[in-house]
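What the coordinates show
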Amino acid sequence: MTRLGQSSIEDVVAAMTLEEKVRLLRGKGVSISGEGGPTVGVKMDERVPGAAGSTFALERLGIPSLVMADGPAGVRIAPQREGSDVRFHATAFPIATLLASTWDQALVEDVGSAFGHEAKEYGIDVLLAPALNLHRFPLGGRNFEYYAEDPLLSGKMAAAFVRGLQSQGVGASIKHFVANNHEWNRFAMDVKVDERALRELYLRGFEIAVKESQPWTVMSSYNKVNGEYTSECARLLTRILREEWGYDGLVVTDWFAGQDVAAQVRAGNDLLMPGTDAEETEIGEALASGALEEASVDRNVANLLRLALKSPTFAAYAYGERPDLASSAVLARRSATEGMVLLKNDAGVLPFAGQGSLALFGNHAYDLIAGGTGSGDVNKAYSVSLREGLEAGGAKVDTDLAAQYQAHLDSEKAKQPKLTGLAAFMPKSPIVEMTLASELIETAADRNAAAILVIGRTSGEFADREASDFLLDNGELSLLGRVSRAFRSRRKPIVCVLNIGGVVEVASWRDKVDALLVAWQPGQEGGHAVADVLLGEVNPSGRLPDSFPMMLSDLLAAENFPGVATGEATMRAGAVPVTPSEIEYRDGIWVGYRYLNTFDKEVAYPFGHGLSYAEFTMTDLDLSSESFEDELVASVKVANTGAHAGKEVAQVYISAPSSDGFEKPSEELRAFAKTRLLSPGESQVLSFRLTLRDLASFDATRGSWVADSGTYVLKVGASSRDIRASARFRLASTRVIGGAAKA
Ligand code: GLC
């Protein structure tokens, strides 16, 4: 009697008919549930309503159906079920960009564990997260779901999240493999990128995540890379991912991705999601015609069986659909505070010392943007506004002003159409800021001790940001100017909080505020978390995972983002119209601080920047050797010389010697660590182990990673432009690290 778990994988595959094998290669169909709205698309017999999809069972051989659910900010399932008044909420954690801003791998691992707990208790086998595409350009629509402009920070955060998630016995799906850096026409976009940039920037984060966390699944992306759909590309999915990096899990498509199903199967894309009958037919026809060999099908089915063997469903885990949301909420709040970045704090106006009441301006002071929309959204039970957080923290808030804003929000929301189905999935248009009468602002300035202005930006799958979204609009600028004048004329501070999913322009107006805090989209507990920081319960320790440029045009990607159409729109099978198009990543490796620092461009705030209520020094930098053999250990002492307990992030950058005609960035992040909470006067020694790969660049002509001989400079800093200590070491001879799959 052949059965999964009792027989070898090979025997189970051999016991299948060809039709049974083919059916296992595709999912059961789509179920996209809008925000509380009805399920849209082909309804399937969902074990977990609202999950993104599931695979077929084959009871005859003991193969269960596996359930997959989104997403990077929380478990996404339908909050209501027909015929039941029970609510099925999950925790809306802070967005990935905020988690990256913590620079704290241990914390992100804890968050991953909480995700895993909730997913397992809701009957999920694979969580479709983390998403780690590079923040190539601030207008990328899904940057909120991704970590950073740097591949090391992205990869390390993803690996930490995966370790935590999978420690609970639920699988991860690192996505979207690869170069899905924007949303426009994503189903058909052809990304033209040179091999060095592909290796050093776009693949590197995934490489780190695969090697350091062994994710159960990898999700290939919608787009093409250099003319080939990633989901159909054997070089990416087999030669690089499996043969070069040693990945032994399953590869799943993004939903409805790609065109040539036989090519997907052959390339090593094991599972087609959400799955359509047309795909099954196409695979059968390809096998019958000989265009597809059965060995590829067997290989892919075997990978699905290995995944099933690890799954909670195969273990018949008796999930209770009652996860510990209270504990998750505590962690959501703590992680949110750890990822907030204090950009400016003139004269130490923060933390508020409990004097007088606070005047809150801006819609989003009363209506928090907890996260983005689309598959990265979470059907959460609540979200805490800044007003609620401040009052819960014991602060007094101007209630007249609050009442005006609440009335404005209520009336504007009443006008918004009730969105259901796919429309509920799309990015939401923001509510226009209220026009305040001058006397209202003047009165508020008379009777409050300080002003807090919140600037909000939504973000979502399916659409990139408009260039205008990067700038404050006239209503926001006018409000900012008027509030700033009114409070400063009375020698009272104005603090600005950015409730955003991606980088915005700040240079032109930051002089109008005394303090500037990036809260990102901080999850359902966001109001408490921002209040914790503003009131001094928590000392901010976040550091920027992205550069804040002076203007978008300072970045090379601005030149041709988001690409050009190269043909007429056509309908994809069963999905949406696509326009053949392409974008050339002409910036190559010159992305973010790699470009801005190397070419000495002025920035509003640099990669890695973040202030504290304390001050820190970094001294006693020590290298294990001045000549590099196989590894090198650097250590540095971080001391709190301030008056508040706090945490510091030590960032290790390497400047490598350039060889002739092979330019390198002025420095690249190669290691980082966050201290524990240091009391005033306390210090901690942080150590970093650097390997040959940390010195190497990818030389496309040799098809290898190469560390050039010469003198290297190791820099330790509090940001990429605030270097506190540096030391040199030598590599006596050029070292070639082979094994890369040929381009
Ligand atoms: C979406 C997204 C992907 C998500 C999947 C399932 O289109 O691109 O991130 O996991 O489909 O919802």
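See the structure printed just above.
Let us look at the structure shown here. In this numbering scheme, every chain counts its residues from 1 along its sequence in written order. The model is predicted, so local features are restricted to residues of pLDDT at least 70 and side-chain atom pairs to those at 80 or more, both for listing and for counting; the totals for chains, interfaces and linings are taken over all residues. Hydrogens and water molecules were not included; the side-chain quantities draw on all heavy atoms of the structure.

Our focus in this paragraph is the overall build of the protein chain. Here a helix means four or more residues in a row that DSSP labels H or I, a strand means two or more in a row labelled E, and each is numbered from the N terminus. In terms of regular secondary structure, the protein chain is built from 18 helices and 32 strands. Computed over the C-alpha atoms, the radius of gyration of the protein chain is 26 Å, within 12% of the 27 Å expected from 2.2 N^0.38 for a compact globule of 743 residues. Each principal axis of the C-alpha distribution contributes one length, and for the protein chain these read about 80 × 70 × 50 Å. Each residue is placed in one exposure class: buried if its accessible area under a 1.4 Å probe, protein chains only, is under 20% of its type's maximum, exposed if it is over 50%, and partly exposed if it falls in between. Counting over 743 residues, the protein chain shows a buried share of 65%. Counting only carbon and sulfur atoms, one obtains 50% of the accessible surface of the protein chain, whose full area is about 25600 Å². As used throughout, the charge tally considers Lys and Arg to be positive and Asp and Glu to be negative, leaving His and the chain termini uncounted. Charge coordinates come from a single atom per side chain, which is NZ of Lys, CZ of Arg, CG of Asp or CD of Glu. The averaged location of the 97 negative side-chain charges in the protein chain is 2 Å from the averaged location of its 74 positive side-chain charges. Computation of the radius of gyration draws on C-alpha atoms, with the globule rule given as 2.2 Å multiplied by the number of residues to the power 0.38. Per-residue accessibility takes into account occlusion by the displayed protein chains alone, with areas from the Shrake-Rupley method and a 1.4 Å probe.

Let us look at the packing of helix α5 (residues 151-167) against helix α7 (residues 204-213). The contact between α5 and α7 brings their axes to 8 Å, and the two run at 30 degrees. The hand of the α5/α7 crossing is right-handed. Each of P151, L152, G155, K156, A158, A159, V162, R163 and Q166 in α5 lies in contact with α7, whose residues at this interface are R204, G205, I208, A209, E212 and S213. Amino acids outside the nonpolar list (Ala, Val, Leu, Ile, Met, Phe, Trp, Tyr, Cys, Pro) and the charged list (Asp, Glu, Lys, Arg) are all regarded as polar, and Gly is one of them. Considering only residue class, the contact of α5 with α7 consists of 7 nonpolar, 4 polar and 4 charged. The axes used here are C-alpha line fits, helices contributing only the stretch in contact, and every angle between their N-to-C directions lies in the interval 0 to 180 degrees. Should the near helix be turned counterclockwise from the far one by less than a right angle, the crossing is left-handed, whereas a clockwise turn marks it as right-handed. Residue contacts are counted whenever heavy atoms from the two residues lie within 4.5 Å of one another.

Glancing now at the pairing of strand β7 (residues 189-192). Pairing between strands is defined by DSSP: at least two bridges between them are needed. Here β7 runs beside strand β21 (residues 581-584); their pairing, made up of 4 bridges, is parallel. The partner of D190 across the bridge, within β21, is E582. Where β7 meets strand β9 (residues 224-225), 2 bridges bridge the pair, whose relative direction is parallel. Its bridge partner being in β9, D190 is matched across the sheet by K224.

Where charged atoms of side chains with opposite charge meet at close range, the side chains can pair. Note on definitions: salt bridges are taken to be side-chain nitrogens of Lys or Arg within 4 Å of carboxyl oxygens of Asp or Glu. Going through the model one piece at a time under the given rule, you end up with 56 salt bridges. Among the ionic pairs, R670 bridges to E668, the shortest N-O distance being 3.1 Å. Notably, a salt bridge pairs D699 with R702, separated by 3.0 Å at the nearest N-O pair. Take D699: its relative accessible area is 11%, and that puts it in the buried class. Taking relative accessible area as the criterion, R702 reaches 43% and is therefore assigned partly exposed. Connected via shared salt-bridge partners are R142, E145, E183, R186 and E461.

Counting through the fold element by element, R457 comes out in the loop between β14 (450-456) and α16 (474-488). Judged by its relative accessible area of 8%, R457 falls in the buried class. Polar contact criterion, stated in full: a pair of N or O atoms within 3.5 Å, where within protein one must be able to donate a hydrogen and the other to accept it, and residues adjacent in sequence count only if both atoms are side-chain atoms. At 2.8 Å, the side chain of R457 forms a polar contact with the side chain of E476. Not counting residues within four places of it along the chain, the set of residues in contact with R457 comprises I369, D469, L471, L472, D473, E476, N499, I500, G501, V504 and Q521.

Further remarks concern the site of the ligand. Here, proximity means that at least one heavy atom of the residue falls within 4 Å of the molecule or strand. Looking at the ligand, there are 13 residues lining it, with D70, R142, H176, Y222 and D254 nearest. The contact in question runs from an oxygen atom of the ligand to an N or O atom on the side chain of D70, over 2.5 Å. Y222 is positioned such that a nitrogen or oxygen atom in its side chain is 2.7 Å from an oxygen atom of the ligand. When the ligand is considered free in solution it has 310 Å² of accessible area, and contact with the protein chains removes 93% of it.

On to the sheet that holds strand β8 (residues 217-220). Taken together, 6 strands build an open sheet; the order of strands is β3-β4-β5-β6-β8-β11 and the sheet is mixed. Looking at strand neighbours, the two that pair on one side only are β3 (53-54) and β11 (250-252), the edges of this open sheet. Here strand β4 (residues 67-69) runs beside strand β5 (residues 126-127); their pairing, made up of 2 bridges, is parallel. The partner of M68 across the bridge, within β5, is V126.

Moving on, we get to the nonpolar core. One recurring pattern in soluble globular proteins is that nonpolar side chains are buried together. In this structure, F361, L390, L498, L534 and F548 are the most contacted members of the largest nonpolar core, which totals 164 residues. Counting residues per element, this core draws most heavily on α5, which supplies 8 residues. For L390, the contacting residues outside a window of four places in its chain are L358, L360, A395, V397, I452, A531, L534 and L535. For our purposes a nonpolar core is just a set of buried Ala, Val, Leu, Ile, Met, Phe, Trp, Tyr and Cys residues, chained together by side-chain atoms within 4.5 Å.

Put simply, two rings from Phe, Tyr or Trp (the six-membered ring, in Trp's case) pair if the centres are within 6.5 Å, and we call them stacked under 30 degrees between planes, edge-to-face over 60, tilted for the rest. Within the structure shown, the criterion is met by 20 aromatic pairs. A ring pair is formed by F137 and F561, whose centres lie 4.8 Å apart and whose planes are at 40 degrees; its orientation type is tilted. Taken as a pair, F137 in the loop between β5 and α5 and F561 in the loop between β17 (548-549) and β18 (564-565) lie far apart in primary sequence, 424 residues in all. Ring plane angle 85 degrees and centroid distance 6.2 Å describe the contact between F361 and F487, whose orientation is recorded as edge-to-face. You can see F361 sitting in strand β13 (residues 358-361) and its partner F487 sitting in helix α16, a full 126 residues away along the chain. As far as burial versus exposure is concerned, F361 and F487 are alike and both buried. Ring pairing ties together the aromatic residues W103, Y593, F607, Y653 and F672, which thus form one cluster. For R186, the ring lying beneath its charged end belongs to F187, and the centroid distance is 5.4 Å. Remark: a charge is flagged as sitting over a ring if the NZ atom of Lys or the CZ atom of Arg is within 6 Å of the ring centre and within 35 degrees of the ring normal. In this structure, R510 packs its charged tip against the face of Y605, placed 4.9 Å from the ring centre.

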